[in-house]
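The primary structure of each chain is shown beneath.
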Amino acid sequence: IGAYWTSSLALLADAGHMLTDVAGLAIAVTAASLIEKPATSEHTWGLRRAEVLAAGAQATVLLGVGTFAFIEGIERLITPRPIASVGLLVFGIVGLVGNVASILILASGRGANLNMRAAFLEVVNDALGSVAVIASAAIIALTGWTRADAIASARHLLIKKLLRRDLKKR
């Protein structure tokens, strides 16, 4: 709703990112329940490959959202659109407050295992997205340079790559 109301690609990219998070969690929970099923004569290995298929499905959805955001971002850099900076600022602040609350909840358990660390870093990524939205709203309000929104939407690709590199090191 916020992306539509403000014409913001950064908010649309965040919404797509959140949608992939929810879909990814649903796929992961489904796969986790399937891999627990015992082997049968039809499935001699059980349903363990569901985990691999789920990861592939998650990656495919994320790739689709990222590709759309990338192409739309380039288009908006070439042909900028008007952005409602005040609405963008409001949505950015609301998102940041929610992300900070989530960070505080996850902070104490982030060292418990790799999944908790990944969840914590995911929320940190979301918080950085909210900061990018707030910064782009301020730039647009102060200068009228609406390309800041397209640049803020591109941060998903860079930050995701950095967070994945951090997780691989552990």
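Details of the structure are given in the entry above.
Residues numbered from 1 in each chain as written. Predicted model: local features only at pLDDT ≥ 70, side-chain atom pairs only at ≥ 80, totals over all residues. Heavy atoms only, no water.

A. Structural detail: the overall build of the chain. Along its length, the chain carries six helices and zero strands. Walking the chain from its N terminus toward its C terminus, one meets helices and strands in the order α-α-α-α-α-α. Expressed as a percentage of its 170 residues, the buried residues of the chain come to 32%. On the chain, roughly 10,500 Å² of surface is accessible, and the fraction owed to carbon and sulfur atoms is 71%. (Helix = DSSP H or I, 4+ residues; strand = E, 2+ residues; numbered from the N terminus. Buried < 20%, exposed > 50% of the residue type's maximum accessible area, 1.4 Å probe, protein only. Areas by Shrake-Rupley, 256 points an atom, 1.4 Å probe, with all protein chains shown as cover.)

B. Structural context of helix α5 (residues 114-143). The end-to-end C-alpha separation of α5 is 43 Å, in line with the 44 Å expected for 30 residues at 1.5 Å each. Following α5 by one or two positions, Gly144 adopts a phi angle in the positive range, close to 80 degrees. (Expected span 1.5 Å × (residues − 1).)

C. Highlighting the packing of aromatic side chains. Inspection of every chain in the model, using the stated rule, returns one aromatic pair. When the centroid spacing of 6.0 Å and the interplanar angle of 70 degrees are considered together, the rings of Trp5 and Phe91 count as edge-to-face. Residue Trp5 is located in helix α1 (residues 2-6), and its partner Phe91 is located in helix α4 (residues 85-107); the two are separated by 86 residues in the primary sequence. By relative accessible area, Phe91 is classed as partly exposed at 31%. (Phe/Tyr/Trp six-rings, centres within 6.5 Å; stacked < 30°, edge-to-face > 60°.)

D. Summary view of the environment of Leu142. Considering the arrangement of structural elements, one finds Leu142 in helix α5. Owing to a relative accessible area of 74%, Leu142 belongs among the exposed residues under this scheme. When the C-alpha positions of Leu142 and Ser85 are compared, they lie 9.3 Å apart, and in sequence the two are 57 residues distant.

E. Highlighting empty space enclosed by the protein. Under the counting rule described, the total for this entry stands at one cavity of 30 Å³ or more. Here the largest cavity is characterised by a volume of approximately 30 Å³. Considering the residues around the largest cavity, the lining is formed by Arg76, Pro80, Arg81, Ile83, Thr146, Asp149 and Ala150. (1 Å grid on protein atoms, 1.4 Å probe; cavity = no way out; pocket = protein on both sides within 12 Å on 5 of 7 lines; lining within 4 Å. Points joined across faces, edges and corners; volume = space filled by probe spheres on them.)

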